[in-house]
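Examination of the molecular architecture
Below, each chain spelled out in residue letters.
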Amino acid sequence: QVQLVESGGGLVQPGESRRLSCVASGNIFVVFNMAWYRQPPGKQRELVAHITVDSRTNYTDFVKGRFTISRDNERNTVYLQMNSLRPEDTADYYCYAELLPQSPRIRKAYWGQGTQVTVSS
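Notes on the structure follow. Note that the structure is a prediction, hence the values are computed from the model and not measured. (Residues numbered from 1 in each chain as written. Predicted model: local features only at pLDDT ≥ 70, side-chain atom pairs only at ≥ 80, totals over all residues. Heavy atoms only, no water.)

Focus on the side chain of Arg 38
Relative to the helices and strands, Arg 38 is located in strand β4 (residues 28-39). We classify Arg 38 as buried; its relative accessible area is 4%. One polar contact links Arg 38 to Asp 89, side chain to side chain, over a distance of 2.9 Å. (Helix = DSSP H or I, 4+ residues; strand = E, 2+ residues; numbered from the N terminus. Buried < 20%, exposed > 50% of the residue type's maximum accessible area, 1.4 Å probe, protein only. Polar contact = N/O pair within 3.5 Å; in protein donor to acceptor, adjacent residues only side chain to side chain.)

What follows is the structure in structure tokens.
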């Protein structure tokens, strides 16, 4: 069984930084693309940043220059470093991974349970 578990959320003040982590664990053969999504209150889930297995990255416009996605392939972990946080960054942040389980070896997408980030003074 595969699990994605996020951590690092919480209450932060505007302008501060926060780092989110997500560990993929369980019956895993290989992890391909990983990403962070977020869902602001009352809105739809949206892509924040994406990273390939060879660490090529892509960001949506509203986080470019402020957020950095990275990964540790040996630990099946993806990070999201968030700097210069704004109140509009308040959301539930979700980890996403496409991976191949040990068995059955069928490529699938998995989601974490989410971690809440609140940016407020």
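Quick notes on the sheet that holds strand β1 (residues 2-7)
Reading across the sheet, the four strands line up as β1-β3-β8-β7 and stay open at both edges, with antiparallel pairing between neighbours. Each edge of the open sheet carries a strand with a single partner, namely β1 and β7 (67-72). Shown here is a sheet whose adjacent strand axes are inclined to one another by a mean of 15°, direction ignored. Relative to strand β8 (residues 77-82), β7 runs antiparallel, the two sharing six bridges. Bridge pairing in β8 links Asp 72 to Thr 77. (Pairing = 2+ DSSP bridges. Axes fitted to C-alpha atoms, helices over the stretch in contact; angles between N-to-C directions.)

Section: the nonpolar core
Of all hydrophobic cores here, the largest spans 29 residues; its most connected members are Leu 4, Trp 36, Leu 80 and Tyr 93. Within the residue set of this core, elements represented by two or more residues are β1, β3 (18-26), β4, β5 (46-51), β7, β8, β9 (91-101) and β11 (115-119). Examining the composition of this core, we find that five residues originate from one element, β9, more than from any other. Ignoring sequence-local partners within four residues, the contact set of Tyr 93 consists of Glu 6, Leu 20, Trp 36, Tyr 37, Arg 38, Val 48, Phe 67, Leu 80, Met 82, Gly 114, Thr 115 and Val 117. (Core = buried A, V, L, I, M, F, W, Y, C linked by side-chain atoms within 4.5 Å. Contact = heavy atoms within 4.5 Å.)

So, the packing of aromatic side chains
We describe a pair of aromatic rings using the distance from one ring centre to the other and the angle between the two ring planes. Considering all chains together, one arrives at three aromatic pairs under this definition. Seen in terms of ring centroids, Tyr 96 and Trp 111 are 5.0 Å apart; in terms of plane orientation they differ by 65°. Their pairing is edge-to-face. Residue Tyr 96 is found in strand β9, and its partner Trp 111 is found in strand β10 (residues 108-111); the two are separated by 15 residues along the sequence. A relative accessible area of 12% means that Tyr 96 is categorised as buried. Aromatic rings pair up to connect Tyr 37, Tyr 96 and Trp 111 into one cluster. Here Arg 45 stacks its cationic end above the ring of Trp 111, 4.7 Å away from the centre of that ring. (Phe/Tyr/Trp six-rings, centres within 6.5 Å; stacked < 30°, edge-to-face > 60°. Lys NZ or Arg CZ within 6 Å of the ring centre and 35° of its normal.)

Remarks on the pairing of β3
With six bridges joining them, β1 and β3 adopt antiparallel strand pairing. By the bridge assignment for β3, Val 2 is matched with Gly 26. Sheet topology places β3 next to β8; six bridges connect them, and they run antiparallel. Looking at β8, one finds that Arg 19 is bridged to Gln 81.

A look at the state of the cysteines
On inspection of all chains with the given rule, the structure shows one disulfide. In this model Cys 22 forms its disulfide with Cys 95; the gap between the sulfur atoms is 2.1 Å. Disulfide Cys 22-Cys 95: the torsion about the S-S bond is -80°, which places it as left-handed. Note that Cys 22 is positioned in strand β3 and Cys 95 in strand β9, a separation of 73 residues in sequence. (Disulfide = S-S within 2.5 Å.)

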